[in-house]
Amino acid sequence: MKKLLSIMLGLFTLLLLNSCLKDKGFDNQEYGLKEGGVLDVPFVQILGGGLSKFNDQTIKPDVSDPLNTADTVTFKIFYVNNGKPADKDIKVTVAINNAAITDYNADPSKPDFERLPDSTFRLVNTVVTVKAGQSFSEDIVLIYNPQKIDNSRLYMLPISIVDAQGVKFSSNNGIIYYNIIGNPQAGTYTNTGIRYNYNC
């Protein structure tokens, strides 16, 4: 029984390792872990960012309250360096990444998203600081207006790190894909068939 449990645990661990989303910077040796698990070069990333967390980045605006004109989501920048905090202030700049929508929509297996219209949101701050002695920045704040959002459409607002004062930033987790699933059944379908409406 112990042997069977050991084999199952080994297979489960292997499955987890194979399912991880690889970061391009690690793959091409720009930065990453040296032998022994020591980080080669410090970098910054968006906490909770990356396509692997796409579902966690879904905004669900409450449009049922006509008086609700402002909802807020926030995220932080995370400094990664073997568990050590930043040794100096690092100013990090983010920006809306329209090209990321085009890249996402290029995959025919995924539904197409539109860019969230400018009239529906405001990115309050685009520059934050990971202060010396800390590993996290203050919040980056996105305010959006649920009443101006067409809740029948699919919207996306990708926000990317664009500068970190010379500090590397993650190519995968350096972007957060805020999205609104207005129509959860939207997408490209390849199956065909006949629908019957049975009325007795």
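Because the structure is a prediction, the values reported are computed rather than measured. (Residues numbered from 1 in each chain as written. Predicted model: local features only at pLDDT ≥ 70, side-chain atom pairs only at ≥ 80, totals over all residues. Heavy atoms only, no water.)

**So, the sheet that holds strand S1 (residues 43–46)**
Working definition: the strands of a sheet are paired by backbone hydrogen bonds and lie parallel or antiparallel to each other.
Part 1: Across the sheet, which stays open at both edges, the three strands sit in the order S3-S1-S10 with mixed pairing between neighbours. Where the open sheet ends on each side, the last strands, each with one partner, are strand S3 (77–80) and strand S10 (168–169).
Part 2: In this structure, S1 lies alongside S3, joined through four bridges in antiparallel fashion. If you follow Val44 over to S3, its bridge partner there is Tyr79. (Pairing = 2+ DSSP bridges. Helix = DSSP H or I, 4+ residues; strand = E, 2+ residues; numbered from the N terminus.)

**Details of unusual backbone geometry**
Part 1: Residue Asn82 is not a glycine yet carries a positive backbone phi of 55 degrees.
Part 2: Tracing the backbone shows Asn82 in the loop between S3 and strand S4 (90–96).
Part 3: Overall, the relative accessible area of 36% leaves Asn82 in the partly exposed class.
Part 4: Its identity as a non-glycine residue notwithstanding, Gln165 has a phi of 55 degrees, on the positive side.
Part 5: In this structure, Gln165 sits in the loop between strand S9 (154–163) and S10. (Buried < 20%, exposed > 50% of the residue type's maximum accessible area, 1.4 Å probe, protein only.)

**Notes on the packing of aromatic side chains**
Part 1: Inspection of every chain in the model, using the stated rule, returns six aromatic pairs.
Part 2: Consider the rings of Phe78 and Phe136, whose centres lie 4.8 Å apart with planes at 10 degrees: the pair is stacked. Here Phe78 is found in strand S3, whereas its partner Phe136 is found in the loop between strand S7 (127–130) and strand S8 (140–144), with 58 residues between them in sequence.
Part 3: On the basis of relative accessible area, Phe78 is assigned to the partly exposed category, the value being 24%.
Part 4: Feature note: the residues Phe54, Tyr104, Phe113 and Tyr177 constitute an aromatic cluster, connected by ring pairs. (Phe/Tyr/Trp six-rings, centres within 6.5 Å; stacked < 30°, edge-to-face > 60°.)

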